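# Working through the structure, step by step
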Amino acid sequence: MPKCVIDGREVEFSPGENLIEVAKKVGVEIPYFCYHPGLSVVAQCRMCAVEVEKMPKLQTACSTVATDGMVVKTRSERALANQKSVMEFLLINHPLDCPICDQAGECDLQDYSYEYGSPYSRYTEERRTFLDLDMGPVIVKNMNRCIHCTRCIRLGAEVLGIREMVATQRGNKTEIATIDGRPLETDYAGNYADICPVGSLLLKDFRFKKRVWFLKKTATVCEGCARGCNMDIQHDANVIYRCTPRENLEVNQYWLCDEGRFNFHYVHDADRIMEPAVRADGELKMTEFGASLDAARAALKGKKAAVLLGTDLTQEEAKLLQEFLPKYLPNASVFHFGTPGIVSEADDAPADKILKRKSKTSNLHGFEKLGFKGLKTLPTGLDAALVIRGGRATLPELKGLSTVGIGVFTREEAATFSVVLPGLTFAEKDGTIVNFQGREQHIRRAIFPAGNCKALSEILAMWAHGTGGNA
Ligand code: SF4
Ligand code: SF4
Ligand code: FES
């Protein structure tokens, strides 16, 4: 492998790698703003300029490919002077509003200002100012903070397949905008907030909710479709505040769709059933687990029943059911369900040109691997159903059946159920799911279960041991 020397450290690299990426391998951080590994290189912020031996001028590390024998100095006098002057230039207009900016704590400009900036400003002119602007349901724009890195423009044009962000005007008046001020159209708008290196494009959903340094990250996988994008759930004190993409070049690169990003809200939804409930006098009434287990057993005893399993359950849960069902409901017919019109993995396909899949549940491919069959139509002559699901699978039409539900349901969804035993969402449990590529990935518990919700394994164990009264 070819080698070069960065700040006196010899490093091997693969042909084609730029100096920013090569420097990272030996722990040398070259500051940058406009570079993003998922976008084209434009080398326009000049923050990453470094000294390369035998080259008279400073070279931008983002656009300079390492070559064998190259000697690079990232902290030479000239490189440091350049960083300082770029910072002074960018801070001419940037407001000192870090205390009220959501990006504070994860802002490249703030970090570099501390490391490379000057504590004094020589600027005496009036700063340009803009009003905050709504860019549709996902993003709010604060143009005062923009450093014109154009990442957002490139993201739309190169990744999202939509040229909706443009730079209007020139020089000091440059403004990032949509054409005619139209709301953003993409289903992937949250990524604009992720790639903006400053607090210029922010998520409306997260704005002013939490300072980022209080958040803990749990590395997990999105359950929004069969792709299984890698992401972090960010939470504090048992509350989820946001989900952000986690790099996985083979699955989702650096991105998330908005549906997956904001899917977590149902975890804390006041409409979610978080206590066991049994129907009495036409209404679902909260009760104890024991009483509801008794009612569930009674509702299914001696009935011709179907067991419907959401493909939003994990492999561990599915395998447990493969052991449980033949023993405790031996005559029931068992099917998986999840997305209307998607009966087997052969029906799953890309839903767009970016990430989304047609299967709107995370583990359709895992269920098929285990040999479960998809539900086309319910068998005739049924008089009861047991539905077990994680929270995403779309419930089939079950009118007229005495239905027991285990898992995550809203009050509206459970309106016709006889019994509900509340289970855990993807954010409250650990488990394995299999994506459309056949890749096993792991969801991880980020928060403790809400209310009196229990793991499926615990509910089935109570069922098997007759907990709550008569077995
Ligand atoms: S809005 Fe953000 S991403 Fe877009 S050009 Fe400005 S600083 Fe860069
Ligand atoms: S593409 Fe699918 S897995 Fe990825 S973020 Fe969207 S819903 Fe989640
Ligand atoms: S990151 Fe290299 S010029 Fe902007």
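Residues numbered from 1 in each chain as written. Chains lettered and ligands numbered in written order. Predicted model: local features only at pLDDT ≥ 70, side-chain atom pairs only at ≥ 80, totals over all residues. Heavy atoms only, no water.

### Details of the overall build of the protein
- The number of helices and strands found in the protein is 10 helices and 22 strands.
- Reported as C-alpha extents along the three principal axes, the dimensions of the protein are approximately 85 × 50 × 35 Å.
- Split into buried and exposed, the 471 residues of the protein put 53% on the buried side.
- Look at the contacts in the protein between residues 6 or more apart in sequence, and 64% of them connect residues 24 or more apart.
- In the form shown here, the protein has an accessible surface area of approximately 21,700 Å², with 52% of it arising from carbon and sulfur atoms.
- Charge-centre separation for the protein: the mean point of 59 positive side chains lies 1 Å from the mean point of 60 negative side chains. (Helix = DSSP H or I, 4+ residues; strand = E, 2+ residues; numbered from the N terminus. Buried < 20%, exposed > 50% of the residue type's maximum accessible area, 1.4 Å probe, protein only. Contact = heavy atoms within 4.5 Å. Areas by Shrake-Rupley, 256 points an atom, 1.4 Å probe, with all protein chains shown as cover. Lys, Arg positive; Asp, Glu negative; His and termini not counted. Charge placed at Lys NZ, Arg CZ, Asp CG, Glu CD.)

### Considerations on the site of ligand 2
- In the vicinity of ligand 2, the contacting residues are Cys222, Gly224, Cys225, Gly228, Cys229, Leu256, Cys257, Gly260, Leu355 and Lys356.
- When the residues that make up the shell around ligand 2 are grouped by side-chain class, the tally is 6 nonpolar, 3 polar and 1 charged. (Near = heavy atom within 4 Å. Nonpolar A, V, L, I, M, F, W, Y, C, P; charged D, E, K, R; others polar.)

### Digging into the nonpolar core
- One finds Phe33, Ile139, Met165 and Tyr192 to be the most contacted residues of the largest nonpolar core, which totals 62 residues.
- When contributions to this core are tallied by element, the ones reaching two or more residues are helix H2 (77–91), helix H3 (108–116), helix H4 (151–160), helix H5 (190–195), strand E10 (201–203), strand E12 (230–236) and strand E13 (239–245).
- It is H4 that provides the largest number of residues to this core, a total of 5 residues.
- In this structure, Phe324, Leu325, Ile459 and Leu460 belong to the second largest nonpolar core, which totals 31 residues. (Core = buried A, V, L, I, M, F, W, Y, C linked by side-chain atoms within 4.5 Å.)

### So, the sheet that holds strand E4 (residues 59–60)
- Read from one edge to the other, the open sheet built from 5 strands follows the order E2-E1-E5-E3-E4, with strand pairing classed as mixed. Bordering the open sheet on either side are strand E2 (9–12) and E4, each of which pairs with just one other strand.
- Relative to strand E5 (residues 71–73), strand E1 (residues 3–6) is paired through 2 bridges, and the arrangement is parallel. When the sheet's bridge partners are listed, Ile6 is paired in E5 with Val72. (Pairing = 2+ DSSP bridges.)

### Some thoughts on H2
- With 15 residues, H2 extends 21 Å between its outermost C-alpha atoms, agreeing within 8% with the 21 Å of an ideal straight helix rising 1.5 Å per residue.
- By the burial criterion, the buried members of H2 are Ala79, Asn82, Gln83, Val86, Met87 and Leu90. Projected down its long axis, H2 shows its buried positions confined to an angular sector of 130 degrees, all on one face. Seen from the buried face of H2, the exposed residues on the opposite side, beyond 90 degrees, are Glu77 and Phe89. (Expected span 1.5 Å × (residues − 1). Arc of directions from axis to C-beta.)

### Observations regarding the packing of aromatic side chains
- Counting across every chain of the model gives 9 aromatic pairs.
- Residues Phe33 and Tyr112 carry aromatic rings whose centres are separated by 5.2 Å and whose planes lie at 70 degrees to one another, so their mutual orientation is edge-to-face. With Phe33 in the loop between helix H1 (19–25) and strand E3 (49–52) and Tyr112 in helix H3, the pair connects residues that are 79 residues apart, well separated along the chain. Just as Phe33 is buried, Tyr112 falls in that class too.
- With centroids separated by 6.3 Å and ring planes inclined at 50 degrees, the aromatic side chains of Trp213 and Phe214 adopt a geometry described as tilted.
- Grouped by ring-pair contacts, the aromatic residues Phe33, Tyr112 and Tyr116 constitute a single cluster.
- Above the face of the Phe206 ring, Arg242 is positioned so that its terminal group lies 4.5 Å from the ring centre. (Phe/Tyr/Trp six-rings, centres within 6.5 Å; stacked < 30°, edge-to-face > 60°. Lys NZ or Arg CZ within 6 Å of the ring centre and 35° of its normal.)

### Considerations on the sheet that holds strand E18 (residues 384–389)
- The strand order E15-E14-E20-E19-E18-E16-E17 describes an open sheet built from 7 strands, whose pairing is mixed. The sheet is open, and its two borders are formed by strand E15 (283–286) and strand E17 (333–337), each paired with just one other strand. On average, adjacent strands in this sheet sit at an angle of 20 degrees to one another, irrespective of strand direction.
- With 4 bridges connecting them, strand E14 (residues 277–280) and E15 associate as antiparallel partners. Among the inter-strand pairings, Ala280 is bridged to a residue of E15, identified as Glu283.
- Set on the sheet, helix H7 (residues 289–300) makes contact with E14, strand E16 (305–310), E18, strand E19 (402–407) and strand E20 (419–422); between it and E20 the angle comes to about 130 degrees. (Axes fitted to C-alpha atoms, helices over the stretch in contact; angles between N-to-C directions.)

### Considerations on the side chain of Thr64
- Examined against the element boundaries, Thr64 turns out to sit in the loop between E4 and E5.
- The buried category is assigned to Thr64, whose relative accessible area is 10%.
- In this structure the side chain of Thr64 is engaged in a polar contact, spanning 2.7 Å, whose partner is the backbone oxygen of Thr60.
- Those residues in contact with Thr64, other than ones at most four positions away along the chain, are Glu17, Asn18, Leu19, Gln59 and Met70. (Polar contact = N/O pair within 3.5 Å; in protein donor to acceptor, adjacent residues only side chain to side chain.)

### Here we look at the packing of helix H8 (residues 315–328) against helix H10 (residues 456–464)
- Look at H8 against H10: their axes get within 11 Å of each other, and the N-to-C directions meet at 15 degrees. Classified by the interaxial angle, the pair formed by H8 and H10 is roughly parallel. Seen from above, H8 lies across H10 with left-handed handedness. Of the residues in H10, those in contact with Glu317, Leu320, Leu321, Phe324 and Tyr328 of H8 are Leu456, Ser457, Leu460, Trp463 and Ala464.
- Split by residue class, the contact of H8 with H10 holds 8 nonpolar, 1 polar and 1 charged. (Parallel < 35°, antiparallel > 145°, perpendicular 65-115°, else oblique. Left-handed = near helix turned anticlockwise from the far one by under 90°.)

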